[in-house]
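Spelled out, the chains give:
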Amino acid sequence: QVQIVESGGGLVQPGGSLRLSCAASGFTFDDYAIGWFRQAPGKEREEISCISSSGGIAYYADSVKGRFTISRDNAKNTMYLQMNSLKPEDTAVYYCVTMGRQCVDKLYDHWGQGTQVTVSS
């Protein structure tokens, strides 16, 4: 059974850091490019990052570029999102999703349940 579980969300002050994890099972993890999405109340779902199946190529939305870093450990079937210099506008539910073989495929076959990130004083 395919399972994707995000963790690491929580409450953090502006300027702080948080590291999200995405643990996957039930499929061949290293065959898939994996992305991070987020959705804030009243806003459109936003793709913020994606990493290639090998981990060699990464993409970032302009809204997070320079502050967030995506990585993966295929031996552990786990992907990470290191979030630094957090801003209140980063507040959202963050989701991990398979993209297909490549980030540009955008097939979105498997989603995690999401983890809440709240940036507030």
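As the structure is a prediction and not an experimental result, all values here were calculated from the model.

Please clarify how the environment of Phe27 should be interpreted in this entry.
Within the secondary structure, Phe27 is located in the loop between strand E3 (18–25) and strand E4 (33–39). In this structure, the C-alpha to C-alpha distance between Phe27 and Asn77, residues 50 residues apart in sequence, is 9.6 Å.

Is there a simple way to think about the sheet that holds strand E5 (residues 46–51) in this case?
Sheets are built from strands that pair by backbone hydrogen bonding, the pairs being arranged parallel or antiparallel. Taken together, six strands build an open sheet; the order of strands is E2-E10-E9-E4-E5-E6 and the sheet is mixed. Looking at strand neighbours, the two that pair on one side only are strand E2 (10–12) and strand E6 (58–60), the edges of this open sheet. Averaged over all pairs of adjacent strands, the angle between strand axes in this sheet comes to 25 degrees, irrespective of strand direction. Note that E5 and E6 share three bridges and pair antiparallel. Of the residues in E6, the one forming a bridge with Ile51 is Ala58.

Could you clarify how one ought to interpret the packing of aromatic side chains in this entry?
Geometrically, a pair of aromatic rings is defined through the distance of the ring centres and the angle of the planes. Under the criterion given, the structure shown has six aromatic pairs. Each ring, one from Phe37 and one from Tyr108, has its centre 5.3 Å from the other, and the planes form 90 degrees; the classification is edge-to-face. A residue pair is termed long-range when its members are at least 10 positions apart, and Phe37 in strand E4 and Tyr108 in the loop between strand E9 (92–100) and strand E10 (115–119) qualify at 71 residues. The class of Phe37 is buried, set by a relative accessible area of 5%. With 6.0 Å between their ring centres and 40 degrees between their planes, Tyr108 and Trp111 make a pair best called tilted. Residue Tyr108 is classed as partly exposed on the basis of its relative accessible area of 25%. Note on Trp111: relative accessible area 30%, which makes it partly exposed. By way of ring pairs, the aromatic residues Phe37, Tyr95, Tyr108 and Trp111 are connected into one cluster. Sitting over the face of the ring of Tyr80, Arg19 holds its NZ or CZ atom 4.0 Å from the ring centroid.

Quick notes on the rules
Per chain, the residues get numbers from 1 upward, laid out in the order the sequence is written. Side-chain atom pairs in this predicted model are given and counted only at pLDDT of 80 or more, local residue features only at pLDDT of at least 70, and totals for whole chains, interfaces and linings cover all residues. Note: side-chain values were computed over all heavy atoms of the structure, leaving out hydrogens and water. Runs of E in the DSSP output that reach at least two residues are strands. Runs of H or I that reach at least four are helices, and both are numbered from the N terminus. Strands pair, by our definition, only if DSSP identifies at least two bridges between them. A fitted line through C-alpha atoms serves as each axis, taken over the contacting stretch for helices, and the angle formed by two N-to-C directions is quoted from 0 to 180°. The rule is short: rings of Phe, Tyr and Trp, with Trp giving its six-membered ring, pair when the centres are within 6.5 Å, and they are stacked under 30 degrees, edge-to-face over 60, tilted in between. Accessible area is worked out with a 1.4 Å probe on protein chains only. A residue is then buried under 20% of its type maximum, exposed over 50%, and partly exposed in between. Only when the NZ atom of a Lys or the CZ atom of an Arg is both within 6 Å of the ring centre and within 35 degrees of the ring normal do we say a charge sits over the ring.

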